[in-house]
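So you can see what is in the structure, the chains are spelled out below.
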Amino acid sequence: MSFPPSAEPLTDVQRALCVFAHPDDVDFGSGGTVAQWVEAGIEVAYLLVTRGDAGGFDATPRERMPSIREAEQRAAAAVLGVKEVEFLEGYSDGMVTPSLELRKEITAAIRRFRPDRILTSSPLRRWDRIAGPSHPDHLAVGEATTCAVYPESRNEFAHMDLGLPPWTVREVWYNGGPAPDHAVDVTDTFERKITALRAHVTQTTHVDNLEGMLRERLSLVASGLGLPEGRLAEAFTIIRTA
Ligand SMILES: [Zn+2]
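Since we're looking at a predicted model, the values are computed, not measured. (Residues numbered from 1 in each chain as written. Predicted model: local features only at pLDDT ≥ 70, side-chain atom pairs only at ≥ 80, totals over all residues. Heavy atoms only, no water.)

Colleague: Just to check I follow, could you spell out the packing of aromatic side chains for this structure?
Modeller: Given two aromatic rings, one states the distance between the centres and the angle between the planes to describe the pair. Applying the stated criterion to the full structure yields three aromatic pairs. Summarising the aromatic geometry, the rings of W37 and W173 are spaced 5.0 Å apart at their centres and angled 90° between planes, so their arrangement reads as edge-to-face. In this pair, W37 is assigned in helix α1 (residues 25-39) and W173 in strand β5 (residues 171-175), connecting sequence segments 136 residues apart. With respect to burial, W37 and W173 carry one shared label: buried. An aromatic cluster of at least three residues, connected via ring pairs, comprises W37, W173 and F236. Directly above the aromatic system of W37 lies the positively charged group of R117, at a separation of 4.7 Å from the ring centroid. The side chain of R125 reaches across the aromatic face of W127, ending 5.4 Å from its centre. (Phe/Tyr/Trp six-rings, centres within 6.5 Å; stacked < 30°, edge-to-face > 60°. Helix = DSSP H or I, 4+ residues; strand = E, 2+ residues; numbered from the N terminus. Buried < 20%, exposed > 50% of the residue type's maximum accessible area, 1.4 Å probe, protein only. Lys NZ or Arg CZ within 6 Å of the ring centre and 35° of its normal.)

Colleague: Hey, could you run me through the sheet that holds strand β4 (residues 117-121) in this one?
Modeller: Sheets are built from strands that pair by backbone hydrogen bonding, the pairs being arranged parallel or antiparallel. Sheet architecture is open: seven strands sit in the order β3-β2-β1-β4-β5-β7-β6, paired in mixed fashion. The open sheet has two edge strands with one neighbour each: β3 (84-87) and β6 (182-185). Across the sheet, the mean angle from the axis of one strand to that of its neighbour is 25°, orientation sign disregarded. By the bridge criterion, five bridges tie β4 to β5 in an arrangement that is parallel. Across the sheet, T120 pairs through a bridge with Y174, a residue of β5. (Pairing = 2+ DSSP bridges. Axes fitted to C-alpha atoms, helices over the stretch in contact; angles between N-to-C directions.)

Colleague: What's the story with the coordination of the zinc ion in this structure? I'm lost.
Modeller: The textbook angles at a metal center are 109.5 degrees for a tetrahedron of four donors and 90 or 180 degrees for an octahedron of six. Coordination of the zinc ion by the protein involves H22 (ND1), D25 (OD) and H138 (NE2), with metal-donor separations of 2.0 to 2.1 Å. Each donor residue of the zinc ion lies on one chain, and together they are spaced H-x2-D-x112-H. (Donors = N, O, S within 2.8 Å, 3.2 Å for Na, K, Ca; no water.)

Colleague: I would appreciate a short explanation of helix α4 (residues 136-152) in the present structure.
Modeller: Given 3.6 residues per turn, any residue in an α-helix points the same way as the ones three and four places further on. With 17 residues, α4 should reach 24 Å at 1.5 Å per residue; the first-to-last C-alpha distance of 22 Å fits that figure. Of all 17 residues making up α4, twelve are buried, and the element is well covered by its neighbours. Those residues of α4 that are buried are in contact with β1 (15-20), α1, α3 (100-113), β4 and β5. (Expected span 1.5 Å × (residues − 1). Contact = heavy atoms within 4.5 Å.)

Colleague: Before we go on, may I ask you to explain the pattern of salt bridges in this structure?
Modeller: Pairs can form between side chains of opposite charge once their charged atoms are near each other. A full pass over the atoms with the stated rule returns 18 salt bridges. Residues E70 and R51 are paired through a salt bridge, measuring 2.7 Å at the closest nitrogen-oxygen approach. Note that E70 is positioned in helix α2 (residues 65-80) and R51 in the loop between β2 (43-48) and α2, a separation of 19 residues in sequence. With respect to class, E70 is no different from R51; both count as buried. Note that D185 and R231 form a salt bridge whose closest N and O atoms lie 2.8 Å from each other. With D185 in strand β6 and R231 in the loop between α7 (210-224) and β7 (233-240), the pair connects residues that are 46 residues apart, well separated along the chain. Looking at R231, the relative accessible area reads 28%, which means it is partly exposed. (Salt bridge = Lys/Arg side-chain N within 4 Å of Asp/Glu carboxyl O.)

Colleague: Explanation requested: the state of the cysteines in the structure shown.
Modeller: When the sulfur atoms of two cysteines share a covalent bond, that bond is a disulfide. A complete count under the given rule lists zero disulfides for this structure. Considering cysteine sulfurs only, C147 is the nearest to C18, which forms no disulfide, with 19 Å between them. Note on C18: relative accessible area 1%, which makes it buried. (Disulfide = S-S within 2.5 Å.)

Colleague: Could you clarify how one ought to interpret the nonpolar core in this entry?
Modeller: It is characteristic of soluble globular proteins that their nonpolar side chains tend to be buried jointly. Formed by 34 residues in total, the largest nonpolar core has its most connected members in C18, V34, V44, Y46 and L119. Within the residue set of this core, elements represented by two or more residues are β1, α1, β2, α2, β3, α5 (190-198), α7 and β7. If you look at the next biggest cluster of nonpolar residues, it comprises 26 residues, including L17, F113, A140 and W167. (Core = buried A, V, L, I, M, F, W, Y, C linked by side-chain atoms within 4.5 Å.)

Such coordinate-based values are descriptive only and should not be taken to indicate function.
Listed below in structure tokens is the structure:
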């Protein structure tokens, strides 16, 4: 099972909601793309399911990690021009499942923000790269978000107790899935992606040559999807949902 070929991106998007499991997910996979969306006048918001409390690589007291990582994500969002960052309560890093409760909370966020486009992690596992993109929390959030897009947020008879009118998200961008085929040229926003990633101090300060590593990875993505030599790209699968 894999994704079908990507749809052409919508050209009339006003609002985009990015739903991810952990602080730094959106910046690693999609920071250059989000920066472009903001530049193009799209209003972008983040919904984070956890505060990444199982992350970090040093002796920082574990109980401090959630608040540190929330602040890091807010700082990274500010670098890219994203003003709205919301965190759900009650979900722990490493223990996320695509539960009915999570689907309902994402539905509530969709009905409040009313996005044309959603960006989330792939619910499909990459068997060639288990580490990283196929973290179970990423798969769970991708699945729960897809269920919230269809049918829950658009069905007026689903979650009536939320007291929010239904909303139809027309397009979903998946990051980190198998064989992504839609490249976004992020050469011009790469520096800001790196600056945003450096705001995740607990996650990136221990990485040797973060910029070089990502430059190499994004240039491979670009050449693999047919962009000219010297370009950098982030890759997605785009699905129309309406
Ligand atoms: Zn993650």
